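What the coordinates show
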Amino acid sequence: MKKSIFLGTLAVAGLAAGIASAQTLADVQARGTLKCGSNEGLAGFAFPDSSGNMQGFDVALCRAVAAATLGDAQAVEFVPLTSQTRFTALAAGEVDVLVRNSTWTFTRDNDLGLDFVGVNYYDGQGFMVRRDLGVSSASELDGATVCIQTGTTTELNLADFFRVNNISYEPVPVATNAEGQQQYLAGACDVYTTDISGLAATRATFENASEHVIMPEVVSKEPLGPVVRHGDNAWGDIVRWTLYALIAAEENGVTSANVREMASATTDNPEINRMLGTEGELGQKLGLSSDWVVNVISSVGNYGEIFEAYIGENTPVGLARGLNAQWTDGGLMYAPPFN
């Protein structure tokens, strides 16, 4: 999700924040909590449970970073941000990290004073319609009204798709996913467009989800991932390698159930030993404890556990692994070696 009228302001704010933010880890540890910019509410990704505690696929990554840096996955203050405010809040230092289904793009990476440090979900933009609209392809949507969040990559992608297919549409701008859902269900638009994961998450909350269809077309690449301020490479490394630890743990069979046992008895796999801190000094190189990965995996599980718990095929969101499968299973999830 890209293009923003705030680019100039963000560039200046980002530069200032980058210069001042070279001590993010020290700030987090002194404060005793991680401030994580999150979605204001998206089923499966960031949502409060019945007790009011934040849960979800993106939330788990925030908790993983807290477990790595503070040894406590619950030591997180979640700051709900809209698509328009998320990058300004990060640049201004209101949050330490942004984990809010945000697309990594050239402009965002270079103009905003921010750094994307990895991809935790490979996505693409799609279209959702009511089944009774009677269409089976997005190419049949000539003249449709389309609900679309402002300040996102979907605006440009939408215009490009309709232009390439020589069809017209009428945009219905919305500020948040909640507003988009409301407008769509109220009949203010024929189509709702956003990342396919977002469409699946939104549909999962509908009373009659089966009455709504996600079209087969995928019209963009949307690599979603965590974002930090430019200028604090040490903090960026921590967030990056925390994500990679989740991915590598799944690849190597390290789970929330066995991680402490594997850490207490040296395995015959040197990379697992280095990752879990029983060999080498990888944790110290990040300014963390030697058992930082043990804290992460025991708290939130590995990447596969997180995926299946919140957005997998057996959840209401119902997403297949697809591109987000391990590289050994034909997907794109691939962690650099821990050595």
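I will try to describe carefully the structure that is included in this document. (Residues numbered from 1 in each chain as written. Predicted model: local features only at pLDDT ≥ 70, side-chain atom pairs only at ≥ 80, totals over all residues. Heavy atoms only, no water.)

A closer look at the nonpolar core
Among the nonpolar cores identified, the biggest contains 72 residues, and W235, L246, V254, W292 and V296 are the most heavily contacted of them. Here W235 is in contact with T24, L25, V28, L34, V65, T69, D96, V97 and V228, once residues within four sequence places are set aside. Membership of the second largest hydrophobic core comes to 14 residues, among which are V135, A144, I148 and F162. (Core = buried A, V, L, I, M, F, W, Y, C linked by side-chain atoms within 4.5 Å. Buried < 20%, exposed > 50% of the residue type's maximum accessible area, 1.4 Å probe, protein only. Contact = heavy atoms within 4.5 Å.)

Concerning helix 2 (residues 24-31)
Those residues of helix 2 lying buried are T24, L25 and V28. Burial along helix 2 is one-sided: seen end-on, the buried residues are contained in an arc of 100 degrees. Packing partners of the buried residues in helix 2 comprise strand 1 (34-39), helix 3 (57-70), strand 14 (227-229) and helix 9 (233-251). (Helix = DSSP H or I, 4+ residues; strand = E, 2+ residues; numbered from the N terminus. Arc of directions from axis to C-beta.)

Brief notes about unusual backbone geometry
Positive phi, close to 25 degrees, is recorded for N101, a residue that is not glycine. Note on placement: N101 falls in the loop between strand 5 (97-98) and helix 5 (106-111). Taking relative accessible area as the criterion, N101 reaches 10% and is therefore assigned buried. Positive phi, close to 55 degrees, is recorded for N166, a residue that is not glycine. Mapped onto the elements, N166 comes out in the loop between helix 6 (153-164) and strand 10 (169-174).

Description of the state of the cysteines
Using the criterion set out here, one finds 2 disulfides in the structure. Covalently, C36 is tied to C62 through a disulfide, its sulfur atoms 1.9 Å apart. Residue C36 is located in strand 1, and its partner C62 is located in helix 3; the two are separated by 26 residues in the primary sequence. In this model C147 forms its disulfide with C189; the gap between the sulfur atoms is 2.1 Å. As the torsion about the S-S bond is roughly -105 degrees, the C147-C189 disulfide counts as left-handed. Placement of C147 in strand 9 (residues 144-149) and of C189 in the loop between helix 7 (177-185) and strand 11 (191-195) is noted, with a sequence separation of 42 residues between them. With a relative accessible area of 0%, C147 lands in the buried category. (Disulfide = S-S within 2.5 Å.)

Focus on the pairing of strand 8 (residues 125-130)
The two faces of the sheet receive side chains in turn, since in a regular strand these alternate between them. Most of strand 8 is tucked away: 6 of the 6 residues are buried. Side chains Q125, F127 and V129 project from strand 8 onto one buried face, and the interleaved G126, M128 and R130 project onto a second face that is buried too. Pairing analysis gives 5 bridges linking strand 8 to strand 11, with the strands arranged antiparallel. By the bridge assignment, G126 is partnered in strand 11 with T194. (Pairing = 2+ DSSP bridges.)

Observations concerning the environment of N269
By secondary structure assignment, the location of N269 is in the loop between helix 10 (259-264) and helix 11 (270-276). By relative accessible area, N269 is classed as partly exposed at 25%. For the pair N269 and V97, spaced 172 residues apart in sequence, the C-alpha separation works out to 32 Å.

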